[in-house]
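Reading the structure
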Amino acid sequence: MLVTKDIYYVGVNDHQLDLFEGQYEVPLGMAYNSYVIVDEKIAIMDTVDINFTEEWLKNVKEVLEGKEPTYLIVHHVEPDHSASIQKILETYPNLTVVCSQQASNLINQFYPSLKDCKKEIVKDGDCLSLGTHELTFYTAPMVHWPEVMMSYEKTSKVLFSADAFGKFGANDVEDPEGWTCEARRYYFGIVGKFGIQVQAILKKLANLEIDYICSLHGPILHESVQDCVKLYQTWSSYEAEEEGIFIAYASIYGHTKEAALLLQKELEAQGYTNVKISDLAREDIYECVENAFRYSTLVLASVTYNGGLFPIMKEFIDHLLSRDYKKRKIAFIENGSWGPMAYKTMKTMFENSKEITYIEPVITIKSSLTEENQNQIKELATSLKNTSL
Ligand code: FEO
């Protein structure tokens, strides 16, 4: 498939994968993208997952039409992109691997047999001419590993962005939700912790005219480039994407759930309708993480358990904290029949988070909702609504 003049897509789609990177559900599969630039010198951009080496090699050969490639550009060494390097070097032994110094070290660690392969180490700002096309390299440490670099091809105005701007989902199925939803779950799941580093690379790229973004996962971006860059600006600066409330609850016998649902009902009755609610134990935890970052306000409703917090709520908050959750409003509902401890534990967990505003009242339920609890929930709905105006 032609991306633009002389640049071809040679990636593959994975519908066998159960969990991406061992933890992320991918109901629409996953794409491992790779590209070929055909010029006086031919460059192959990255490889694919080990289970798709043969299919990928066939795609590459079809584009090459018997010609010899000169370069294999390695933007990222995580095995979903590097696992077929050995095979391509066996097929084309004269290939020079172009990568950062750290990428070279990682290649040697992952694939010791490649220690002596021909490599050209590039640094930030280095250029590589292929003939008409010229690549400029931009290091992008921690987006998503330390060795990552991106490259910009100035003739076609194409950015090869490594993992950035990727999404979950294979390219041969249409995502009914479009690009943003699964790109957001991917971003906060995978690079959410590295907002500062994402901001740094966005700054480096700010003056480039970008017509196409060719990521290592998901569709090639063209008409939506500006919108997607804008979303990355928002996400990486930890600003909420929209004014709204995400209620995340963990319930055992249904009373905490009842409180969460009542809060949603009260908010809607008061005219506040942008409310999303999730049962943490029964929904994809990374959908929940994504929603916590998406909306401006988070309500946490949890039962007490073993003198502390119910495990799934603890895990959820850990996911948020390990991704530097900040700049949000938070409210709490706790339940504990004889020694409620959930609120205290949750509040303590957030003590090092920056720019958090707590919304009151904190609601304590003892077993089941009392009339007082119901009135407190109404009061909390009003406070949440008023702080959102
Ligand atoms: Fe798609 Fe970080 O590997």
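These remarks concern the structure in this document. Remember, predicted model here, so these are calculated numbers, not experimental data. (Residues numbered from 1 in each chain as written. Predicted model: local features only at pLDDT ≥ 70, side-chain atom pairs only at ≥ 80, totals over all residues. Heavy atoms only, no water.)

A count of helices and strands for the chain gives 12 helices and 23 strands. Along the three orthogonal principal directions, the C-alpha set of the chain runs to about 80 × 40 × 35 Å. The long-range share in the chain, meaning contacts at least 24 apart out of those at least 6 apart in sequence, stands at 71%. When the accessible area of the chain is evaluated, it comes to approximately 16500 Å², of which 48% is carbon and sulfur surface. Here the chain carries 36 positive and 56 negative side-chain charges, and the mean point of each set is 4 Å from the other. (Helix = DSSP H or I, 4+ residues; strand = E, 2+ residues; numbered from the N terminus. Contact = heavy atoms within 4.5 Å. Areas by Shrake-Rupley, 256 points an atom, 1.4 Å probe, with all protein chains shown as cover. Lys, Arg positive; Asp, Glu negative; His and termini not counted. Charge placed at Lys NZ, Arg CZ, Asp CG, Glu CD.)

By the element assignment, Ser296 lies in strand 19 (residues 295-305). On the basis of relative accessibility, which here comes to 9%, the residue Ser296 falls in the buried class. If sequence neighbours within four positions are ignored, Ser296 has contacts with Ala240, Glu242, Glu243, Gly244, Arg328 and Lys329. A polar contact of 3.1 Å, which involves the side chain of Ser296, links it to the backbone nitrogen of Gly244. (Buried < 20%, exposed > 50% of the residue type's maximum accessible area, 1.4 Å probe, protein only. Polar contact = N/O pair within 3.5 Å; in protein donor to acceptor, adjacent residues only side chain to side chain.)

This brings us to helix 7 (residues 225-236). Counted at 1.5 Å a residue, the expected span for helix 7 with its 12 residues is 16 Å, and the 16 Å between its end C-alpha atoms agrees. Buried within helix 7 we find Val225, Cys228, Leu231, Tyr232, Trp235 and Ser236. Down the axis of helix 7, the sector holding all buried residues measures 125°, keeping them to one side. For helix 7, exposure combined with an orientation more than 90 degrees from the buried face picks out Gln226, Asp227 and Lys230. Looking at the buried side of helix 7, the elements it contacts are helix 5 (180-191), helix 6 (195-205) and strand 16 (212-214). Positive backbone phi, at 65°, marks Tyr238, one or two positions downstream of helix 7. (Expected span 1.5 Å × (residues − 1). Arc of directions from axis to C-beta.)

What follows is about helix 8 (residues 255-269). In an α-helix, one turn spans 3.6 residues, which is why side chains three or four residues apart end up on the same side. The end-to-end C-alpha separation of helix 8 is 21 Å, in line with the 21 Å expected for 15 residues at 1.5 Å each. Of the residues making up helix 8, those classed as buried are Thr256, Ala259, Ala260, Leu263, Gln264, Glu266 and Leu267. Buried residues of helix 8, viewed axially, fall in a sector of 165°; they line one side. Exposed positions of helix 8 whose direction lies more than 90 degrees from the buried face are Lys265 and Ala269. Buried positions along helix 8 lie against strand 17 (242-250), strand 18 (275-279), strand 19, strand 21 (328-335), strand 23 (363-365) and helix 12 (371-387). A positive backbone phi angle near 90° is found at Gly271, which sits one or two residues after helix 8.

Together, Ile252, Tyr253 and Tyr305 line one region of the surface with nonpolar side chains, adding up to about 370 Å² of accessible area. Given the relative accessible area of 36%, Tyr305 is considered partly exposed. (Patch = residues over 30% accessible without salt bridge, like charges linked within 9 Å, V, L, I, M, F, W, Y side chains within 5 Å. Salt bridge = Lys/Arg side-chain N within 4 Å of Asp/Glu carboxyl O.)

Between side chains of opposite charge, pairing is possible as soon as their charged atoms come close. Going through the model one piece at a time under the given rule, you end up with 20 salt bridges. Linking Lys167 and Asp175 is a salt bridge whose minimum nitrogen-to-oxygen distance equals 2.8 Å. Residue Lys167 shares its accessibility class with Asp175, and that shared class is buried. Taken together, the salt bridges that share partners define one network made up of Glu182, Arg185, Asp284 and Glu287.

Across a sheet, strands are paired by hydrogen bonds formed along the backbone, either parallel or antiparallel in direction. Here we have seven strands laid out as an open sheet, ordered 1-2-7-8-9-10-11, and mixed in their pairing. The sheet is open, and its two borders are formed by strand 1 (2-4) and strand 11 (119-121), each paired with just one other strand. When the angles between neighbouring strand axes are averaged without regard to direction, this sheet yields 25°. Pairing between strand 7 (residues 35-37) and strand 8 (residues 43-45): three bridges, direction antiparallel. Looking at the pairing, Tyr35 lines up with Met45 of strand 8. (Pairing = 2+ DSSP bridges. Axes fitted to C-alpha atoms, helices over the stretch in contact; angles between N-to-C directions.)

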